[in-house]
Amino acid sequence: MSKLALLGGKKLINSKPAESLFKWPIITQEDIDAVVDVVKNNRFSFTEITEQFQVEFAEWIGRKHALAFTNGTMSLSAAMFAIGLGMGDEIICPTKTYWGSISQASCFGASAVFCNINDKLSMDPDDIERCITPRTKAIMVVHYIAYPCDMDRIMEIANKHNLYVIEDVSHAQGSKYKGKKCGTFGHIAAMSLMSTKSFAAGELGILVTDDRKLYERALAYGHYERNNANYITDSEDLKNYFHIALGGVKGRANQTSTALARVQLKYYDERCEKIRAAMNYFYDQIEKIPGLSPIRVDESDGSCMGGFYSPMISYYPEYFGGLSSKRFCQAITAECDGTFTCWEGANYNLHTHDYFKTFDFFGVGKPSRIAFNDRDVREDDKALAPSDNLYSVSAPWFKNLDKEWIDKFVEVYKKVAENYKDLLEGDDDKIQGGRWHGAENAENQQKKK
C-alpha cells in the first residue's frame, strides 16, 4: 500500500492539467464583444437586450414567458409573490439547499417547512405529505446539484392537495427529467445564472412560467414603469400600480449580464454534452469503489444532469470504519497538490441554522419563521434526522473528456479508499454507530464489495 499524502506520502498528482479541464465559464471574443458593446453605449440599465434574452431563454427551456432579474434569489422571491405566498402560509422545501431557495419566505410572513432528502441529496417524495397541513401553499422543488427531482410523484402530490409548485433550477439549467427540461413541470420556476453556475452569466436570475397571471405578478413585484408598461394588462390587482415595483425592490437585470447570457445560451447545450461525457467517464470508475456512489441519473429514460453543477458522491462511512467524510476529503485534497479541493456535505441542512430557529425579521419578539403561524413548525424539524445522517464528498467538475487526467483523479479516490484505515487515528469527527440510508442503495453498495 502506498502512503497517503496527508500522512507524509508522495502525492499522486504533482503537476497541473491544461486550463480547459476545469476552467468555467468559457469566455470567447464573442462574449467580450457583447459586453463591451453594452459598456461603450451605456446600455447597462436599459432593457432591449434583456428582452431579447428573455425570448430566447423561454424558447430554449420550453415555456411561454421568461423574466430576468438581478439574481436568482430575487427571481425566486418574485415567484413566491407571483403565487400569492403570504402571512400564515407554509411552503415545503428540502432542507439541503442554498438559503436563497427559501429564506425569503419569512419576508412574506410565511413559514418554511423542511422535508427530508434521499442519498442523492434530492427532495424525498416519501416525506412530502408528512409536511402538508391546511396552511400549505406550495412546494419549493430544488433540483439540487443538477440532479432532477422525481417530478412525477411530486406533481401528483401537489395536484392531490391543490398546491403550487415552484422549481428552483439554479443548479440544473439544462437538466432533464424523462426527456423534459427541469423548470417546465411546476407552475413557475426560477434560477440563478451567476458566475459559478453551469449556466454562468455574471450576476443574473431568470423566472419562467406558462401562466400569464403569474408572469405579470412576478413582473410587478420587482420591476416598474420602465420595464412593465408594455406588458401589464387590465388585471385589477396590478393595473393601477405599474409605476412602482410592488415588492419595494428593483429587480431589473444589468444588461452586461444579459448580453453575456445571450452568447452563453448559443453554446450551452454543446458544452454541457462535453461535461456530461467527462463526468460519466469519471463516475463509471468511481462507481466500482465500495462505499462511494456517484450522484447521477440513469440517462436511459431521457433524463440528464445538465451541466453537472457541483458534482457530488454519496459517501457511506460504514464502509470506511466510520471515517468521517471530512477526513476523507482532507486526504483527497492532499493528493491533488492544489489542483482540486475536495469538500464534504455540500450545503448545510437549513433546519440546523439559527436563522430558521430564532431570527426575528419583523422585530415582533417572535422568530419570523413562525411569526404569523398558529403552530410552531420548528417542531417538525425533529423528523429530519435522516437528512442529518447522510454524507457526501465532492468530485472534480471536469469540462472536457481528457481521459489521461481524469484517470489520475480516479486513482486519487481509489488510493484514499483503499488506505482509509490509516486515517482513522486522529479523526476527531469519526462517525460512531450506523447511519440511515435507503435499503436499495445499501444493497447496491453491498454488491460492489
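Look a little higher up for the structure.
Worth saying up front: this structure is predicted, and the values here are computed from it rather than measured.

(A) Representation of the sheet that holds strand E12 (residues 312–315) within the structure. The 3 strands are arranged E10-E12-E13 in an open sheet whose pairing can be described as antiparallel. The two strands at the open ends of the sheet, each matched to only one other strand, are strand E10 (292–294) and strand E13 (392–394). The mean angle between the axes of side-by-side strands here comes to 30°, regardless of whether they run parallel or antiparallel. Contacting E10, E12 and E13, helix H8 (residues 325–335) crosses the sheet at an angle of about 20° to E13.

(B) Representation of the pattern of salt bridges in the model. Scanning the entire structure with this criterion turns up 22 salt bridges. Across the pair Arg375 and Asp380 runs a salt bridge whose closest N-O atoms are separated by 3.0 Å. The exposure class of Arg375 is partly exposed, given its relative accessible area of 24%. For Asp380, a relative accessible area of 17% gives the class buried. Within this structure, Glu90, Arg375 and Asp380 form a network of salt bridges that share partners.

(C) Examining the nonpolar core more closely. Ile102, Phe282, Phe328 and Tyr413 are the most contacted members of the largest nonpolar core, which has 89 residues in total. No other element matches the 8 residues that helix H10 (residues 403–418) contributes to this core. Excluding its chain neighbours within four sequence positions, the residues that come into contact with Phe328 are Leu292, Tyr315, Phe320, Leu323, Val393, Tyr413, Val416 and Ala417. Core analysis: the second largest hydrophobic core is formed by 23 residues, Ile61, Cys182, Leu204 and Ala253 among them.

(D) Geometry of the pairing of strand E4 (residues 136–142). For E4, a buried count of 6 out of 7 residues is recorded, marking the element as mostly surrounded by other parts of the structure. Pairing of strand E2 (residues 90–94) with E4 involves 3 bridges; the strand directions are parallel. The residue bridging Ile92 from the neighbouring strand is Ile139, located in E4. With 5 bridges connecting them, E4 and strand E5 (residues 164–168) associate as parallel partners.

(E) Fine view of the sheet that holds E4. Strand order in this open sheet of 7 strands is E1-E9-E8-E5-E4-E2-E3, and the pairing throughout is mixed. Across the chains shown, the open sheet's two edge strands, defined by having one partner strand only, are strand E1 (65–69) and strand E3 (111–115). On average, each strand axis in the sheet is inclined to that of its neighbour by 20°, with strand direction left out of account.

(F) Seen up close, the side chain of Ser77. Along the chain, Ser77 falls in helix H3 (residues 72–82). A polar contact is formed between the side chain of Ser77 and the side chain of Gln104, at a distance of 3.4 Å. When residues no more than four places from it in sequence are discounted, the contact partners of Ser77 are Gln104, Phe108 and Tyr221.

(G) Representation of the pairing of E12 in the model. Judged by which residues are buried, E12 turns out to be covered on both faces: Met312 and Ser314 on one side and Ile313 and Tyr315 on the other are all buried. Bridge analysis of E10 against E12 gives 3 bridges, and the strand direction is antiparallel. Bridge pairing in E12 links Pro294 to Ile313. As paired elements, E12 and E13 share 3 bridges and run antiparallel to each other. Of the residues in E13, the one forming a bridge with Met312 is Ser394.

Rules used throughout
Residues numbered from 1 in each chain as written. Predicted model: local features only at pLDDT ≥ 70, side-chain atom pairs only at ≥ 80, totals over all residues. Heavy atoms only, no water. Pairing = 2+ DSSP bridges. Helix = DSSP H or I, 4+ residues; strand = E, 2+ residues; numbered from the N terminus. Axes fitted to C-alpha atoms, helices over the stretch in contact; angles between N-to-C directions. Contact = heavy atoms within 4.5 Å. Salt bridge = Lys/Arg side-chain N within 4 Å of Asp/Glu carboxyl O. Buried < 20%, exposed > 50% of the residue type's maximum accessible area, 1.4 Å probe, protein only. Core = buried A, V, L, I, M, F, W, Y, C linked by side-chain atoms within 4.5 Å. Polar contact = N/O pair within 3.5 Å; in protein donor to acceptor, adjacent residues only side chain to side chain.

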